[in-house]
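# What the coordinates show
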Amino acid sequence: MAGANQACIFCEIVRNPTTTRLLHTDEKVIAFQDIKPAAQRHYLVIPKEHIPTVNDLQRRDEDYSLVRHMLNVGQELLQKDAPQNIHRFGFHQPPFNSVDHLHLHCFALPYVPRWKAIKYKSLGPLGGFIEAETLLEKIRPLLSKV
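Quick notes on the rules
Residues numbered from 1 in each chain as written. Predicted model: local features only at pLDDT ≥ 70, side-chain atom pairs only at ≥ 80, totals over all residues. Heavy atoms only, no water. Helix = DSSP H or I, 4+ residues; strand = E, 2+ residues; numbered from the N terminus. Buried < 20%, exposed > 50% of the residue type's maximum accessible area, 1.4 Å probe, protein only. Contact = heavy atoms within 4.5 Å. Polar contact = N/O pair within 3.5 Å; in protein donor to acceptor, adjacent residues only side chain to side chain. Phe/Tyr/Trp six-rings, centres within 6.5 Å; stacked < 30°, edge-to-face > 60°. Salt bridge = Lys/Arg side-chain N within 4 Å of Asp/Glu carboxyl O.

Turning our attention to the environment of Asp63. By the secondary structure assignment, Asp63 is in helix α2 (residues 61-81). Its relative accessible area of 5% is what places Asp63 among the buried residues. Along the primary structure Asp63 and Lys80 are separated by 17 residues, whereas in three dimensions their C-alpha atoms are 26 Å apart. Not counting the four nearest positions on each side in its chain, Asp63 is found in contact with Asp56, Leu57, Gln58 and Ile139. Polar contacts involving the side chain of Asp63 include one to the main-chain amide nitrogen of Gln58, which spans 2.7 Å.

Structural data, given as structure tokens:
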């Protein structure tokens, strides 16, 4: 796997998927349940390539396409598993990310318990949580072919 980090727990899941029940896998990403769910359904979609954080994404077609694909996978999973719930998708921004491997949080709300919602708040210029659609706007190539 290109760009793998030996110390990264998510890279380990990509290398050895038998340790985690995968909900989705394709050539770009895998998806699985969060080990500490904060909502009725809480899935993570991660790229197979090691990308540390949202700060490593740039305004280029490949980054935009990857995040768009991650979001599409998350939306499909939650639409299938929890179609009646409100869905929310986003990323933690440094220094608030717990794992240095890009990962999309996919929620079927409500948060359980409710106080867990605090971890998924935007802190404006300080970072915090960024909605997937907001990140896509931020990294959309200026002359996008996507």
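What follows continues from the structure just given.
All right, on to the environment of Arg68 then. Relative to the elements of secondary structure, Arg68 occurs in helix α2. Arg68 gets classed as partly exposed once you look at its relative accessible area, which sits at 23%. Spatially, the C-alpha atoms of Arg68 and Glu49 are 15 Å apart, while their sequence positions differ by 19 residues. Beyond its immediate chain neighbours, meaning those up to four positions away, Arg68 contacts Glu133 and Leu136. Reaching out from Arg68, the side chain makes a polar contact with the side chain of Glu133 at a distance of 3.5 Å.

Applying the stated criterion across every chain yields a total of six aromatic pairs. Plain terms: the ring middles of Phe107 and Tyr120 are 4.6 Å apart, the flat faces sit at 70° to each other, and that makes the pair edge-to-face. Here the residue Phe107 occupies a position in strand β5 (residues 104-111), and Tyr120 occupies one in the loop between β5 and β6 (128-131), the gap between them amounting to 13 residues. For the residue pair Phe107 and Tyr120, the accessibility class agrees, reading buried in each case. For the pair Tyr120 and Phe129, a centre-to-centre distance of 5.4 Å together with 90° between the ring planes defines the contact as edge-to-face. Among the aromatic side chains, those forming a connected cluster through ring pairs are Phe107, Tyr111, Tyr120 and Phe129.

Looking now at the pattern of salt bridges. Scanning the model with the defined rule gives six salt bridges in all. With its nearest N and O atoms 3.0 Å apart, the salt bridge here joins Asp63 to Arg60. A residue is classified by how much of its surface remains accessible, and Arg60, at 32% relative accessible area, is partly exposed. One network of salt bridges, in which partners are shared, links Arg60, Glu62 and Asp63.

Spatial relationships are all this shows, so hold off on functional conclusions.
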